[in-house]
Structures are given as C-alpha cells and as structure tokens.
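Examination of the molecular architecture
Chain residues, written in single-letter form:
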Amino acid sequence: MELKSFSSNSVSTFEVAHVGRSSSSLLSSFRHKVGVRFSTQFKCRRGLFLKTYCASDETYLADKAVISSVGSDNLAVETSSHHINGINGSSSSFYHRNLRVLDAFDDDYGGVVIDPNRIPANPYAFAPVLRLSLSQWKKMGKKGIWLKLPLEKSDLVPIAVKEGFQYHHAEPGYVMLTYWIPEGPCMLPANASHQVGVGGFVINDNNEVLVVQEKHCSPGTSGLWKIPTGFIHEAEEIYTGVVREVKEETGIETEFIEVIAFRHAHHLAFEKSDLFFICMLRPLSSKIIVDDLEVEAAKWMPLAEFVEQPLIQEDSMFKKIIDIFVARLGKRYCGLSTHQIVSKFDGRTSSLYYNVIDNQDINCVGN
C-alpha cells in the first residue's frame, strides 16, 4: 500500500480496500484491522491520501475515511462504505476528491442559505459534503440552514432528510428543506399559511353588473350568476390581479377603483387559510368574450335582478357584500384605494390600501 501526503486547504478523502470486512473509522487502528502495512514516515496536518492495488477480479468492500483539519494539530475522521471492483489484475486506484463546505451565504438571522446552483448532483458526492458542512456550521454557531433542491436534484432529498433536514415547502420546480441547529424550538418562519383570492364588482353606466356562471362549481351554487373571481399569482398586486381575472373570464377591460371589503376564512384548500378581497372596478370596454375553460356564460345583468337572486338573498355573507357594494354606489361607504409607498425598513415600494375623502359631501362610513 502506498501512502501519499499532500498540502491542501480543503478536506481530503482516502479509501482502504480489503476482503471480507471493513476497516475501522479511526486512523490509528488501520494497521491492526485492515491487515496492511504502511509507512509512518510522514507529516501531514491538512489531510492524506491512501492508495492501494488489487490483483484479482474480486469485489472489495472499502471504507472511505474523511479527514478534516480542525485546527493545526487535530484530525477528525468519519467513514462510509462503497463496493469497488478490481478487474483482470490491473491496478485500481481509489478515487480522491477534495471535500469543501457547501457554497452558501449568511442570512440576516444567523442562518445559512445553501447555493442551489453549486450543490453536487451526485448523491455519493453530496452526502459527505453535506455532513461536513453541517459540522462546520454547528461549530460556527449558525442557526437555521436553508436547502433548496431543484427538481433535477431530487435524488438528494433522502440524503438531506437522513441528516436531519425537514420539509418546509415545495413549488413546481423545487423543494425547500430546513435544518435547525440550536437546542429548543425551531425559530424559522413557517411555510406560507394563506392563499389570496379576488372578486371584481364591475358596473356600467346602465347600472348593470358583469356576472358569470362557472363551468365547475359546487351543487349548492349551480345556476348562480356571480361576480368574476380568481386567485392572485405570486408577486402580483391585488389591484392588478383582479383586473387580470376579469379580463381572462369575460374579456372586459377594467380599471381598479377600491377594495370594498375582504373575507378571512380558515381550513380551506390543503388546510390553508384564505383571504378574499372584493374590489370595485370601472369597465373600459363592453364586449364580452367568454373563457371557455372556466366560464359557462357571462353577461351584463341589471343590478336589481342580480341582488334578487335567491342564493344571494338566502346567504348572509353574499347579502352583506351586496349591501356594501350598493352603499358604495350611493356614496354612503368608502373603500380602500391603493397607494404606492416606499418604506425605509427595506427600501422597497409597497401597496398600502386606505380610504381618502376627496369630497366633503361623501360620508365615508369605513373611515
């Protein structure tokens, strides 16, 4: 067996092969348990690389020892096992690779965010590097670790879970896992708890409301003419989302005026909470083009006829929303308009919704 010393700033691996049994994970016991000789005339502070040769066509079980420099004189050792084949008596040099802490950056809360673009794709390469990285981050006093694994690296998920990572959330292109280092309860923020929906009240100069009948609805709302509704997309504003939804379902162009009310409900889809914003919109066009995928029919309906629908009159939630809308039309109620404001906390522009009295004759009940 040949022993090579080297000088490197990274952590190195070596493998020792033998027949029938695996070697000890401690460097000091290699001579006794492996049954091979190696020279002790070496000096190495940063790592070492062992090399062996096999002369038969047999399957060997090898231990890979990971040697990490943890100070000028101390070495930490870990082991893992792999099967390696020697072929036709030729020399088989067990591969050598440098181990380094995973590329990552610090977050604002004493944690670490691992760079998903620099994660090894090979599970056998990822496992020891992840283990080494966690060890280093623990020594550094880090707290939460964020690991984002893209879809093409999904084979790494079981490895991360085995090391103690937990699922946080998933999107179509990735899964996010977290690891909390300190003792005590995890202080990392939980996954998003809400979904956000919008509904658009669009009324024209003829006092007609834009309404739709959905293709896919519950039996209890079958036959109901309702306002266009939908979900807000990621990074989409409420006021732009509701305009988009009305356009998609009916083809009508609109202008956002106000949020006139919102509903908060819990334990809905996937046990998530739901925020639903009812908005008042001004129509900019009149020709209806129905979305065949979601909408069965759409039309302009007289407001009085819309309000008198049995399903609306019998439901306290629907009826209250209609009452608010009618009060807003009569200038007896003021909704929330959007205003773009920059905060010094993050330097970003945000939408703040609040009501403004522009005319002294308007009595804003919601003020």
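Look up: the structure comes first, before these words.
Rules used throughout
Residues numbered from 1 in each chain as written. Predicted model: local features only at pLDDT ≥ 70, side-chain atom pairs only at ≥ 80, totals over all residues. Heavy atoms only, no water. Helix = DSSP H or I, 4+ residues; strand = E, 2+ residues; numbered from the N terminus. Buried < 20%, exposed > 50% of the residue type's maximum accessible area, 1.4 Å probe, protein only. Contact = heavy atoms within 4.5 Å. Areas by Shrake-Rupley, 256 points an atom, 1.4 Å probe, with all protein chains shown as cover. Pairing = 2+ DSSP bridges. Axes fitted to C-alpha atoms, helices over the stretch in contact; angles between N-to-C directions. Expected span 1.5 Å × (residues − 1). Polar contact = N/O pair within 3.5 Å; in protein donor to acceptor, adjacent residues only side chain to side chain. Phe/Tyr/Trp six-rings, centres within 6.5 Å; stacked < 30°, edge-to-face > 60°.

**Considering the overall build of the protein**
Secondary structure assignment for the protein yields 7 helices and 19 strands. Every one of the 367 residues in the protein was classed for burial, and the buried ones make up 40%. Contacts in the protein between residues far apart in sequence, at least 24 positions, make up 64% of those at least 6 positions apart. By element, 52% of the accessible surface of the protein is carried by carbon and sulfur atoms, the whole surface being about 21500 Å².

**A word on the sheet that holds strand β10 (residues 166–171)**
Here we have 5 strands laid out as an open sheet, ordered β7-β8-β9-β11-β10, and mixed in their pairing. Of all strands in the sheet, those with a lone pairing partner are β7 (104–106) and β10, marking the two edges. The mean angle between the axes of side-by-side strands here comes to 20°, regardless of whether they run parallel or antiparallel. Relative to strand β9 (residues 144–150), strand β8 (residues 112–114) runs parallel, the two sharing 2 bridges. Residue pairing across strands places V112 opposite I145, the latter belonging to β9. Here helix α2 (residues 123–139) sits on the sheet and contacts β7, β8, β9 and β11 (174–180); the angle it forms with β9, its principal contact strand, is near 160°.

**Topic: helix α7 (residues 316–329)**
For α7, built from 14 residues, the straight-helix expectation of 20 Å at 1.5 Å per residue is met to within 8% by its first-to-last C-alpha distance of 20 Å. Turning to α7, its buried residues number three or more, namely I321, I322, I324, F325, A327 and R328. Near the N-terminus of α7, the side chain that reaches the backbone nitrogen of M317, with its oxygen 2.9 Å away, is that of D315. At the C-terminal side of α7, K331 shows a positive phi close to 60°.

**Focus on the packing of aromatic side chains**
According to the stated counting rule, one finds 6 aromatic pairs in the structure shown. Seen from their ring centres, Y239 and F256 are 6.0 Å apart, and the 50° between their planes marks the pair as tilted. Of the two residues, Y239 is situated in helix α4 (residues 238–250) and F256 in strand β15 (residues 254–265); the sequence distance between them amounts to 17 residues. Of the residues examined, Y239 reaches a relative accessible area of 23% and is grouped as partly exposed. Seen from their ring centres, F256 and Y353 are 6.4 Å apart, and the 85° between their planes marks the pair as edge-to-face. Here Y353 lies in strand β19 (residues 349–354) and F256 lies in strand β15, a separation of 97 residues in the sequence. An aromatic cluster is present here, built from F201, F306 and F325 joined pairwise through their rings.

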